[in-house]
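Examining the three-dimensional arrangement
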Amino acid sequence: MTSLITGPDARDRCAWVGDDDEYRRYHDEEWGTPLHGDRALFEKMSLEGFQAGLSWITILRKRPRFREVFRGFEPELVSEFDESDVAQLMADAGIIRNRAKIEATIGNARIVRTMAEGELDALMWSFAPPPSPIRPAAFADVPAVTPESTALSKELRRRGFRFVGPTTMYALMQSAGMVDDHIAGCWRA
């Protein structure tokens, strides 16, 4: 598999974008861009958890509905969900209907709610490695797990968070710009 693909705008991009307009927009505007804020990172954590075992494009296409039913991923609001909310979410074909992931999102919101404002942001970013001046040359050079994502996962799990494994946390680190894995030659690199 090639590591770069040329888009309809003649820009070279990371090849995982393929020819999908939504993936191209996500790659160009979000992926690898530093993301801060407890609410934004709680949303990213939640969506990465829902993505486990699925493709990210599935989550992107369902993200508007996720945002709607999870009330903008405001931890204070999500933390108040009860069993009737879980039942409604399980019946909503617009999201991923996985009880364990839904309950983990609610439980994770309850943990975030107990944290001081800015604490989740500071915690997550404390595990970001120093920026690297060297871009990966190919997909084979991009890890699925790093010591930093493993340490972040371990700390989050110690605090009671769920669906925050090392691979999921590395995907979060990539998407939230804690690491920049745009392939060398990508216009974003």
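This report concerns the structure included in the present document. This is a predicted model, so every value here is computed, not measured.

A look at the pattern of salt bridges
- The final tally for this structure, using the stated rule, is 19 salt bridges.
- Two residues, Asp 9 and Arg 13, come together in a salt bridge whose shortest N-O distance is 2.6 Å.
- Here Arg 13 falls in the buried class, since its relative accessible area comes to 1%.
- Put simply, Arg 25 and Glu 30 hold a salt bridge, and the shortest N to O gap is 2.7 Å.
- Taking relative accessible area as the criterion, Arg 25 reaches 24% and is therefore assigned partly exposed.
- What makes Glu 30 buried here is its relative accessible area of 18%.
- Via salt bridges that share partners, Glu 22, Arg 25, Glu 29, Glu 30 and Arg 63 belong to a single interconnected network.

How each quantity is defined
Residues numbered from 1 in each chain as written. Predicted model: local features only at pLDDT ≥ 70, side-chain atom pairs only at ≥ 80, totals over all residues. Heavy atoms only, no water. Salt bridge = Lys/Arg side-chain N within 4 Å of Asp/Glu carboxyl O. Buried < 20%, exposed > 50% of the residue type's maximum accessible area, 1.4 Å probe, protein only.

Treat this as a map of the structure, not an account of what it does.
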